[in-house]
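Observations on the model geometry
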Amino acid sequence: MGLMLELMVAGALVAGAAPDMHIDAQGLQMARPGDALMLAGRIRVASRDWCAAHRAFLTPNSVGDPLVCEREMRRRAYNALTRSNRLEFVRAGGRTALNRS
């Protein structure tokens, strides 16, 4: 079963402080290792780009350290997956790829 919706991750602790982070996951099947790795890569790129522009909204005390923001945004993207997609994503190696620093 394909992941048919676009993941949207809230980007700020306060509503309206920063735009949401979007990751296109349409057509990906989390049970396929290649698709899980592709999504992990997309999440990593999106979190890096989002934090480059908006990390002061998410981690104001760690403005100089983008990794704090990027880890949090990757965590939020992972948690935005449905439970069944999260399980498939983990089994296919996506979570491991996502957590590589």
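Remember, predicted model here, so these are calculated numbers, not experimental data.

All told, the structure shown has one disulfide when counted by the stated rule. Linked covalently through their sulfurs, Cys51 and Cys69 form a disulfide whose S-S length is 2.1 Å. Because the torsion about its S-S bond is -80°, the bridge between Cys51 and Cys69 counts as left-handed. Here Cys51 is found in helix H1 (residues 33-58), whereas its partner Cys69 is found in helix H2 (residues 66-80), with 18 residues between them in sequence. Neither residue differs from the other here; Cys51 and Cys69 are each classed as buried.

One finds Met21, Ile23, Leu39, Trp50, Met73 and Phe89 to be the most contacted residues of the largest nonpolar core, which totals 23 residues. Looking at this core, the elements with two or more residues in it are strand S2 (21-23), H1, H2 and helix H4 (94-99). Sort the elements by how many residues they give to this core and H1 lands first, with eight residues. The residues contacting Phe89, other than those within four sequence positions of it, are Met30, Ala36, Leu39, Ala40, Tyr78, Leu81, Gly94, Arg95 and Leu98.

Another point: H1. Taking 1.5 Å per residue, 26 residues should reach 38 Å; H1 reaches only 31 Å between its end C-alpha atoms and comes up short. The sharpest bend along H1 reaches about 70° and sits at Ala52. Within H1, the full set of buried residues consists of Asp35, Ala36, Leu39, Ala40, Ile43, Ala46, Ser47, Trp50, Cys51, His54 and Leu58.

This next bit is on the environment of Gly94. With respect to the secondary-structure elements, Gly94 resides in helix H4. C-alpha separation for the pair Gly94 and Met38, spaced 56 residues apart in sequence, amounts to 8.2 Å. Excluding residues that lie within four positions of it along the chain, Gly94 makes contacts with Ala36, Ala40 and Phe89.

What counts and how
- Residues numbered from 1 in each chain as written.
- Predicted model: local features only at pLDDT ≥ 70, side-chain atom pairs only at ≥ 80, totals over all residues.
- Heavy atoms only, no water.
- Disulfide = S-S within 2.5 Å.
- Helix = DSSP H or I, 4+ residues; strand = E, 2+ residues; numbered from the N terminus.
- Buried < 20%, exposed > 50% of the residue type's maximum accessible area, 1.4 Å probe, protein only.
- Core = buried A, V, L, I, M, F, W, Y, C linked by side-chain atoms within 4.5 Å.
- Contact = heavy atoms within 4.5 Å.
- Expected span 1.5 Å × (residues − 1).
- Bend = angle between axes of the 7 residues up to and from the residue.

So yeah, pure geometry; function would need other evidence.
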